[in-house]
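# Examination of the molecular architecture
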Amino acid sequence: MVHLTIAILFFFAVVSCGHKSNIIEGQTENPRRSYEQLDISDEAEILRASRKIAAAFVDGNWDVVLGSMDRRYYEKLGLSKENMDAELANIKKDFEESGVKFLRCEPIEPDEIHRLEPYTIAFVATKNEMTVKGTTVAGTGLLIAAKYRGESNWWFLDGTSMDRDEILNFYPELPRDCKIPAIKIEVKK
């Protein structure tokens, strides 16, 4: 059940619509200057990767969803690669056995993109709807997208179950006043 809870919360991190982004470079006093200096393709890459994860949720492709989780999460828990792989397999099994069905997953363009060391981070709000044992659950979640220096893939972490302090402790390089989207979960029936 713990695995299912983690997986459901991870789901609520993936989806919604669009705002003009600000790209913020660590230690830069002029965010507009940072925005102009950075490659705007980061924004498109984040949305493309988020849409891929959203489609995997709707299709029930847990290998793609769980294979995209930020490995730093497991490092913080002190799990080895073997233990991490076993944990991912358990989450996948819980999802499949629980009958969770995703009805909708829509990523929202991030408001801010933070270029820091050793990664670029964005908060991607999501609009979600799913059924769990006949109950429909909808709302907005939070997906934290991270791209590490020297890597081409975006990795994701569910921020839905994390409060602001937990997020900032997990990514201590983030500015303390960064904008983090609000989470909302509603049981429909």
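Here goes a summary of the coordinates provided. These figures come from a predicted structure and were not determined experimentally.

This part covers the overall build of the protein. Along its length, the protein carries 7 helices and 7 strands. When the helices and strands of the protein are listed from N to C terminus, the series reads α-β-α-α-α-α-α-β-β-β-β-β-α-β. Scored against the burial criterion, the 189 residues of the protein give a buried share of 49%. Sequence separation of at least 24 residues holds for 69% of the intrachain contacts in the protein that already meet a minimum separation of 6. Here the protein has roughly 9400 Å² of accessible surface; of this, 50% comes from carbon and sulfur atoms.

Attention now moves to the side chain of T120. Among the structural elements, T120 can be located in strand β4 (residues 119–132). A polar side-chain atom of T120 sits 3.3 Å from a polar atom in the side chain of R115. Engagement of the side chain of T120 in a polar contact is seen with the side chain of R149, the distance being 3.2 Å. Not counting residues within four places of it along the chain, the set of residues in contact with T120 comprises D42, I113, H114, R115, A145, A146, K147, R149 and W154.

On to the packing of aromatic side chains. Per the counting criterion, the structure on display carries 6 aromatic pairs. Grouping aromatic residues by their ring pairs yields a cluster made of Y119, Y148, F170 and Y171.

Calculation notes
- Along each chain, numbering runs from 1 in the same order as the chain's sequence is written.
- It should be noted that, the model being predicted, local features are given only for residues of pLDDT at least 70 and side-chain atom pairs only at 80 or more, the latter also being counted only at that level, while totals for whole chains, interfaces and linings use all residues.
- Where side-chain values are given, they derive from all heavy atoms of the structure, hydrogens and water being excluded.
- The way it works is that DSSP assigns letters per residue, a run of H or I at least four long becomes a helix, a run of E at least two long becomes a strand, and they are numbered from the N terminus.
- Working definition: with a 1.4 Å probe on protein chains only, accessible area under 20% of the residue-type maximum means buried, over 50% means exposed, and in between means partly exposed.
- The contact definition used throughout considers only heavy atoms, calling two residues in contact when any of these lie within 4.5 Å.
- Per-residue accessibility takes into account occlusion by the displayed protein chains alone, with areas from the Shrake-Rupley method and a 1.4 Å probe.
- Polar contact criterion, stated in full: a pair of N or O atoms within 3.5 Å, where within protein one must be able to donate a hydrogen and the other to accept it, and residues adjacent in sequence count only if both atoms are side-chain atoms.
- The criterion for an aromatic pair is that two Phe, Tyr or Trp rings (for Trp, the six-membered ring) have centres within 6.5 Å, with stacked assigned to planes under 30 degrees apart, edge-to-face to planes over 60 apart and tilted to the rest.

No statement about biological role is implied by the geometric values presented.
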